[in-house]
Amino acid sequence: MAEALMSAGDANDKAMGSPFLKSLVALYRAEDSYGAWESKSDAELLEEFIVTAEERRAKPIIDDPDPDLLDRVDKFYRAVGLTVERETGLMASPMMSMHWEGFGRVILTAGKLVIFAKSLRDVHRFGFESLSDLAEAGMKVVRQARETIDTYPDVARA
């Protein structure tokens, strides 16, 4: 995993400038109350989000997600909410309901408005090919949420 991050150097550096990845790293750093991850670079903190196609294919079609994986999915959507909040000034709260078999739903709300909703399936395969893909996926959700806020600003501010 670390080798893949090192070999993608410039692309990773560019991706780390993404507002979404900055929010995701901030969540990790905020949860590090004992300083265990102080010596890790931002890219190293996010390595667990990188799942290559080969790794994804090696996973069974049906599997139960482990608690660490569910935490990663939760962090992904909390980082989306934090990025939306930084960009709009509105608190965006994620809510995730996940069945133990790896399917469920996530929504993000701002005020009384649902700004994003998605059904989750095959969560045990959650991951991205690269930090660039992770940043792109996160910013895509942020853009969708912002478009909804821009369409219904009064409800989002209620």
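One can find the structure itself at the top, above this paragraph.
Okay, so let's go over this structure.

How each quantity is defined
Residues numbered from 1 in each chain as written. Predicted model: local features only at pLDDT ≥ 70, side-chain atom pairs only at ≥ 80, totals over all residues. Heavy atoms only, no water. Core = buried A, V, L, I, M, F, W, Y, C linked by side-chain atoms within 4.5 Å. Buried < 20%, exposed > 50% of the residue type's maximum accessible area, 1.4 Å probe, protein only. Helix = DSSP H or I, 4+ residues; strand = E, 2+ residues; numbered from the N terminus. Contact = heavy atoms within 4.5 Å. Axes fitted to C-alpha atoms, helices over the stretch in contact; angles between N-to-C directions. Parallel < 35°, antiparallel > 145°, perpendicular 65-115°, else oblique. Nonpolar A, V, L, I, M, F, W, Y, C, P; charged D, E, K, R; others polar. Phe/Tyr/Trp six-rings, centres within 6.5 Å; stacked < 30°, edge-to-face > 60°. Lys NZ or Arg CZ within 6 Å of the ring centre and 35° of its normal. Expected span 1.5 Å × (residues − 1). Polar contact = N/O pair within 3.5 Å; in protein donor to acceptor, adjacent residues only side chain to side chain. Salt bridge = Lys/Arg side-chain N within 4 Å of Asp/Glu carboxyl O. Pairing = 2+ DSSP bridges.

The next point concerns the nonpolar core. Leu-21 and Phe-76 are the most contacted members of the largest nonpolar core, which totals 41 residues. Of all the elements in the fold, those that place two or more residues in this core are helix H3 (19-31), helix H4 (42-45), helix H6 (67-88), strand S2 (104-110), strand S3 (113-120) and helix H7 (131-151). Here this core gets eight residues from one element, more than from any other, and that element is H7. When sequence neighbours within four positions are dropped, the list of residues in contact with Phe-76 reads Phe-20, Leu-24, Phe-49, Phe-126, Phe-128, Leu-134, Ala-137, Gly-138 and Val-141.

Below, the discussion takes up unusual backbone geometry. The phi dihedral of Asp-122 is positive, around 50°, even though this residue is not glycine. The topology assignment puts Asp-122 in the loop between S3 and H7. Look at Asp-122 and you get partly exposed, because its relative accessible area is 45%.

Running from N to C, H3 and H7 cross one another at 100°; their axes reach a closest spacing of 8 Å. Classified by the angle their axes make, H3 and H7 are roughly perpendicular. On the side of H3, the interface is formed by Pro-19, Phe-20, Leu-21 and Leu-24, while H7 contributes Leu-131, Leu-134, Ala-135, Gly-138 and Met-139. Tallied by class, residues from the contact of H3 with H7 come to eight nonpolar, one polar and no charged.

A word on the packing of aromatic side chains. By the definition in use, this model includes nine aromatic pairs. A centroid spacing of 5.6 Å and a plane angle of 20° characterise the contact between Phe-76 and Phe-128, whose relative ring orientation is stacked. Pair noted here: Phe-76 is in helix H6 and Phe-128 is in the loop between S3 and H7, with a separation of 52 residues, a long-range link. The class of Phe-128 is buried, set by a relative accessible area of 13%. Members of the aromatic cluster, connected to one another through ring pairs, are Phe-20, Tyr-28, Trp-37, Phe-49, Phe-76, Tyr-77, Phe-116, Phe-126 and Phe-128. A cation over a ring is seen here: Lys-75 above Tyr-28, with NZ or CZ 4.8 Å from the ring centre.

Turning our attention to H3. Compared with the 18 Å implied by 1.5 Å per residue over 13 residues, the 19 Å span of H3 between its first and last C-alpha is a close match. The distance from a side-chain oxygen at the start of H3 to the backbone nitrogen of Phe-20 is 3.2 Å, and the residue carrying that oxygen is Ser-18.

A word on the pattern of salt bridges. Oppositely charged side chains can form a pair if their charged atoms are brought close together. Under the criterion given, the structure shown has nine salt bridges. The shortest N-O distance in the salt bridge between Arg-72 and Glu-48 comes to 3.6 Å. Of this pair, Arg-72 sits in helix H6 while Glu-48 sits in the loop between H4 and helix H5 (53-58), and the two are 24 residues apart along the sequence. For Arg-146, the salt bridge goes to Glu-87, with nearest N and O atoms at 2.9 Å. Of the two residues, Arg-146 sits in helix H7 while Glu-87 sits in helix H6, which places them 59 residues apart along the sequence. Residues joined in a network through salt bridges with shared partners are Glu-31, Asp-71, Asp-74, Lys-75 and Arg-78.

Here strand S1 (residues 92-98) pairs with S2 via seven bridges, running antiparallel. Its bridge partner being in S2, Met-95 is matched across the sheet by Ile-107. Between S1 and S2, which pair antiparallel and follow one another directly, the connecting turn spans five residues, one of which, Gly-102, has a positive phi of 95°.

What follows deals with the side chain of Thr-83. Within the secondary structure, Thr-83 is located in helix H6. Take Thr-83: its relative accessible area is 1%, and that puts it in the buried class. Within the structure, Thr-83 has its side chain in polar contact with the side chain of Ser-23 (distance 2.9 Å). If we skip the residues at most four places from it in the chain, Thr-83 touches Pro-19, Phe-20, Ser-23, Met-139 and Val-142.

Structural measurements only, silent on function.
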